[in-house]
There are 2 protein chains.
Amino acid sequence: MTTLRQLGEFGLIRQIQRQLRSRHIGDDCAVLPDGLLITCDPVIENIHYLPHTPPRQIGHKAMARNLSDIAAMAGQPTYAVVSLALRPTTTARWVHELYAGMTHIAGQFGCRIVGGDTAHVRHEQTITITLLGQAKRPILRTGAKPGHLIYVTGKLGGSFQSGKHLTFTPKIRQAQWLAKHCRPSAMLDISDGLANDLQRLAEASQVGLEIESHKIPKIGTLHAALTDGEDFELLFTIPAKLAAKLPRTYRPIGQVVRTPGIRLDGQPLHLHGYDHFQKRR
Amino acid sequence: MTTLRQLGEFGLIRQIQRQLRSRHIGDDCAVLPDGLLITCDPVIENIHYLPHTPPRQIGHKAMARNLSDIAAMAGQPTYAVVSLALRPTTTARWVHELYAGMTHIAGQFGCRIVGGDTAHVRHEQTITITLLGQAKRPILRTGAKPGHLIYVTGKLGGSFQSGKHLTFTPKIRQAQWLAKHCRPSAMLDISDGLANDLQRLAEASQVGLEIESHKIPKIGTLHAALTDGEDFELLFTIPAKLAAKLPRTYRPIGQVVRTPGIRLDGQPLHLHGYDHFQKRR
């Protein structure tokens, strides 16, 4: 019997796609009729936060992760529902602070919590948020074409050490600006390390990607920028002729090519980012 | 510091309602503009199912619980997203069977799974489904008026012992029939025992309820019918003059009155159903 550890997160998602006969599953949000977007993401104790993490920051992260998925489609977040699995020994104050963190960041983007559910657990506490959004013309992962340039919105790596993963602002406004002025051909958020998300982009668009390592904006080492998770920056591609419209702070990190695979400085990239089932943080 | 065990599930939901300044939170679904409904509900190992429960039944239950919340608003389910928190030792086959259970029951009501997320846990596995639906005129919990009659859609109690909680069919069609022909003034699904859900109905509609014990359709004892959880029948009220339109199989279990509180055979009802934080199944 194949276990999820053997199959890995990528393999599991492919199995689910096949079973549901849906190649749309796997983008940051599902796109429904009339430009309705829906996404859900859990935040789990000891994986996404630690027992001593302040609950206001946990709430912020839980909501911001989902807002980042709406950003990745260049959408506008609208409504959220919150499913809480908590231990009975958790305090009412902790839950109040959790909601304070969620509502503060959601409110900055005009998004409201409208419902949810509570249940108890014995071990890991989990906060699962489902977010709705709207996008007239959502940006998928599938539109990158040979010749397009590849960009990221900010510095990568070290999100856990720096605490950025608990305090980041999702790139909603940047994504909406990009959609309006440069119309990216593909976009996704960098949640499991650049190496993984380059892989996802290449597979979804059925192209190859050539990256130059010295052009990757990074906080720590190149290895950290490629493999650390939870950056929540955006990775996007645009046709070369639209590149002039980007602010000067954006520099391409590489370009889309016809030949499949990811190459870093001309060599095949063998590094992988975070996989939920194959290793632990 | 007040813990959730001291506060209880009712108390926690009230705290969240106050914090979000929303009295709408607490119905089976949140009602959004244009009749869009959204609901989410987790199914947690060792609470909602046991480690040896067949995964196809777990998938059925996880989806059917959410479909039941759409039924409670007389809505039509449309799309689902699925958040999985699984141990790495879980098999690919188990996940395949889980999805088979989810898609089978969802498909019977024209509902499609369009996305989701996967993450790993060390202990309790959790399946959290968020469901969207549509209802032109959703039925809330708030419309019961003195003089209206009180009904349930089927027999109550013993859902865990009989296995009904893993195999029940959500009352979508019955709810749509009722909405069309009798227009219930209030409706909710019975998920935590009739005693709890009578309490929720009375509070939401700001009325009292008088119940006759011998009229409650039940599988086992009266105590089981009042306090066992997971029946997933519907509890609804209709104006007396519309009662003639109901099929003969429906008999009222009591009536709505002005005086607050729940009375069973004339005596105040002190029994409680299932509370997530105050006791364990």
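Counting from 1, residues in each chain are numbered in the order their sequence is written. Here every chain gets a letter starting at A, and every ligand a number starting at 1, in the order they are written. Reporting of local features is limited, given that this is a predicted model, to residues whose pLDDT is at least 70; pairs of side-chain atoms are given and counted only at 80 or more, and all residues count toward the totals for whole chains, interfaces and linings. With hydrogens and water set aside, each side-chain value is computed from the structure's full complement of heavy atoms.

1. Concerning the relation of the copies chain A and chain B
Stage number 1. The atoms used to superpose the copies are C-alpha atoms, taken from residues with pLDDT of at least 70 in both, and the fit is least squares. Take chain A, turn it by 180°, move it 0.0 Å along the axis, and it overlays chain B with an RMSD of 0.0 Å. Within this description, the copies of the chain are treated as partners about a two-fold rotation axis.
Stage number 2. Same-surface contact between copies: 100% of interface residues of chain A are shared with the interface of chain B. Only heavy atoms enter the contact rule, under which two residues are in contact if any of them lie within 4.5 Å.

2. Overview of the pattern of salt bridges
All names here are of chain A.
Stage number 1. Criterion for a salt bridge: a side-chain nitrogen of Lys or Arg within 4 Å of a carboxyl oxygen of Asp or Glu. Considering all chains together, one arrives at 30 salt bridges over all chains under this definition.
Stage number 2. We note a salt bridge from Lys 61 to Glu 230, for which the minimum N-O separation is 2.2 Å. Taken together, the residues span a long stretch of sequence, with Lys 61 in helix α2 (residues 55-71) and Glu 230 in the loop between α8 (222-227) and β9 (234-238) at a distance of 169 residues.
Stage number 3. Of the residues examined, Lys 61 reaches a relative accessible area of 0% and is grouped as buried.
Stage number 4. In this structure, the salt-bridge partner of Lys 215 is Glu 212, at a minimum N-O distance of 3.2 Å.
Stage number 5. Looking at Lys 215, the relative accessible area reads 33%, which means it is partly exposed.
Stage number 6. Salt bridges here are not isolated pairs; linked through shared partners, they connect Asp 41, Lys 61, Arg 65 and Glu 230. Per the convention used, a helix needs a DSSP run of H or I reaching at least four residues, while a strand needs a run of E reaching at least two, with both numbered from the N terminus. Only protein chains enter the accessibility calculation, which uses a 1.4 Å probe; a residue is then buried when its area is under 20% of its type maximum, exposed when over 50%, and partly exposed in between.

3. Points about the sheet that holds strand β5 (residues 126-134) of chain B
Residue and element names in this part refer to chain B.
Stage number 1. At least two bridges found by DSSP between two strands is the condition for calling them paired. Overall, mixed pairing links the 5 strands, which are arranged β1-β2-β5-β3-β4 in an open sheet. Across the chains shown, the open sheet's two edge strands, defined by having one partner strand only, are β1 (30-32) and β4 (112-120). For this sheet, the mean angle separating the axes of adjacent strands, direction not counted, is 20°.
Stage number 2. In the sheet, strand β3 (residues 76-86) pairs with β4 via 8 bridges, with the strands oriented parallel. Axes here mean lines fitted to C-alpha atoms, for a helix over just the part in contact, with angles spanning 0 to 180 degrees between N-to-C directions.

4. So, α2(A)
Stage number 1. Over its 17 residues, α2(A) extends 24 Å from the first C-alpha to the last, a length consistent with the 24 Å expected when each residue adds 1.5 Å.
Stage number 2. Of all 17 residues in α2(A), 15 are buried, a share of seventy percent or more. Given a helix with a known number of residues, its expected span is that number minus one, times 1.5 Å.

Just geometry here; none of it tells us what the structure is for.
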